[in-house]
Amino acid sequence: MNEIVTIENKVILLTGAFGLIGLTLAKSFVMQGAKVVLADSNKKLAIKAEAELRAQGLLKNTLICITDITKEKSCNDCIGSAIKKFKRIDVLINNAAIDAKFDKSANAINNSTRFENFPIDLLQKSFDVNVKGLVQITQLVIKQMLKQGYGNIINVASTYSLVAPNQGLYDFGDGNQQSKPVDYVITKSVIPNLTRYIATFYAKNKIRCNAIAPHGIFNNHDEAFLKNFAELSPMGRMSDKSEVTGPFTFLVSDASSYMTGSVLTVDGGWTAW
């Protein structure tokens, strides 16, 4: 096995590619010599992402696909475009998800909704993307990986797929108790065992499947949130977005070739107590 962690010439299909984690990963992968298919449904963010990649000289080894992972045709169109341009898909990273945010730009209208009042239609919407969409794109990419004779799937889980949210994190002392909505917790909780299912099902086909569970990535959060997070985190701080690229690079690379069915936790010790 190559002892150097390298992802040079890897073809990576990344969903949810225009968000904070997605675009950070895409840029890092391309700078490391990989070829990246950026799949996301947000057309406005696609324009911004393309401009950023072009400005940094990173557009050449990328392919931008406007993709709705809940639609089979949209998924197939993206996969077909990826194969046409890059001839294969070495890695699928399932990063797309609906997730309530608590940074300054967030629309937190549903974050104050208690479990007993949470709208079922919003739960269904999250399920469609976070579970159905993930399963669908994975099924379709696996068909390509079976043709190739190998593949590597990385699911993005969450600390909230491992433990329940500490709702005290979302109490900012203003008399308006917010909470992490249940839709995210339910749908992300599927990821670890789905990862193990895929890993064991396709191990003999040389298709690996692991998950990564990040937590608390800073994105212009206000002081009240940062204070609460510091008090609840063993490391006493949120993660910088750059700190997730190393763990993802490791799972993308052949340095993790004997790993399958694992959940790599990158949470500053949050789930350790």
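Within each chain, residue numbers correspond to sequence positions counted from 1 in written order. At least 70 in pLDDT is required for a residue's local features to be given in this predicted model, at least 80 for side-chain atom pairs to be given and counted, and no such filter applies to totals for whole chains, interfaces and linings, which use all residues. Side-chain numbers here rest on the full set of heavy atoms in the structure, without hydrogens or water.

What follows concerns the nonpolar core. The nonpolar side chains of a soluble globular protein tend to be buried, and buried together. Residues belong to one nonpolar core when they are buried, are Ala, Val, Leu, Ile, Met, Phe, Trp, Tyr or Cys, and are joined through side-chain atoms within 4.5 Å. Remark: exposure states derive from per-residue accessible area (1.4 Å probe, protein chains only) relative to the maximum for the residue type, with buried under 20%, exposed over 50%, and partly exposed in between. Judged by nonpolar contacts, the single largest core of 33 residues is most densely connected at Leu13, Val37, Val141 and Ile153. At the level of secondary structure, the elements contributing two or more residues to this core comprise β1 (11-15), β2 (35-40), β3 (62-66), α3 (72-86), α4 (120-148), α6 (191-202) and β6 (207-214). In this text, helices come from DSSP runs of H or I with a minimum length of four residues, and strands from runs of E with a minimum of two, each type numbered from the N-terminal end. When residues in this core are grouped by element, the largest group, 7 residues, is from α4. Contacts of Val141, omitting those with residues within four sequence positions, involve Leu13, Ile79, Ile89 and Leu92. Counting 28 residues, the second largest nonpolar core, distinct from the first, contains Leu14, Ala26, Ala46 and Leu58. Contact between two residues is taken to exist if any of their heavy atoms lie within 4.5 Å; hydrogens are not considered.

This brings us to the pairing of strand β5 (residues 151-156). Among the 6 residues in β5, 6 count as buried, and that is most of the element. What you see with β5 is no split at all: Gly151, Ile153 and Asn155 on one side and Asn152, Ile154 and Val156 on the other are buried throughout. By this definition, two strands are paired if DSSP reports at least two bridges between them. Sheet topology note: the strand β4 (residues 91-94)/β5 ladder contains 4 bridges and is parallel. If you follow Ile93 over to β5, its bridge partner there is Ile154. Relative to β6, β5 runs parallel, the two being bridged by 6 bridges. Of the residues in β6, the one forming a bridge with Gly151 is Ile207.

The next subject is the sheet that holds β6. Taken in spatial order, the 7 strands make up an open sheet running β3-β2-β1-β4-β5-β6-β7, and their pairing is parallel. Only two strands of the sheet have a single partner each, and these edge strands are β3 and β7 (263-266). Strand-to-strand twist across the sheet, computed as the mean angle between neighbouring axes with direction ignored, equals 15°. The pairing of β1 with β4 spans 3 bridges and is classified as parallel. Within β4, the position partnered with Leu13 by the bridge is Leu92. In this analysis an axis means a line fitted to C-alpha atoms, helices contributing only their contacting stretch, and an angle means the value between N-to-C directions, from 0 to 180 degrees.

Turning to the state of the cysteines, a few remarks are in order. When two cysteine sulfur atoms are found within 2.5 Å, that pair is recorded as a disulfide. Considering all chains together, one arrives at 0 disulfides under this definition. Residue Cys75 stays outside any disulfide, its sulfur separated by 7.7 Å from that of Cys78, the closest cysteine. Take Cys209: it sits in no disulfide, and the sulfur closest to it among the cysteines is that of Cys75, at 16 Å.

Another point: unusual backbone geometry. At Lys87, a position not held by glycine, the phi torsion is positive, near 75°. Examined against the element boundaries, Lys87 turns out to sit in the loop between α3 and β4. Unlike most non-glycine residues, Asn220 shows phi in positive territory, near 60°.

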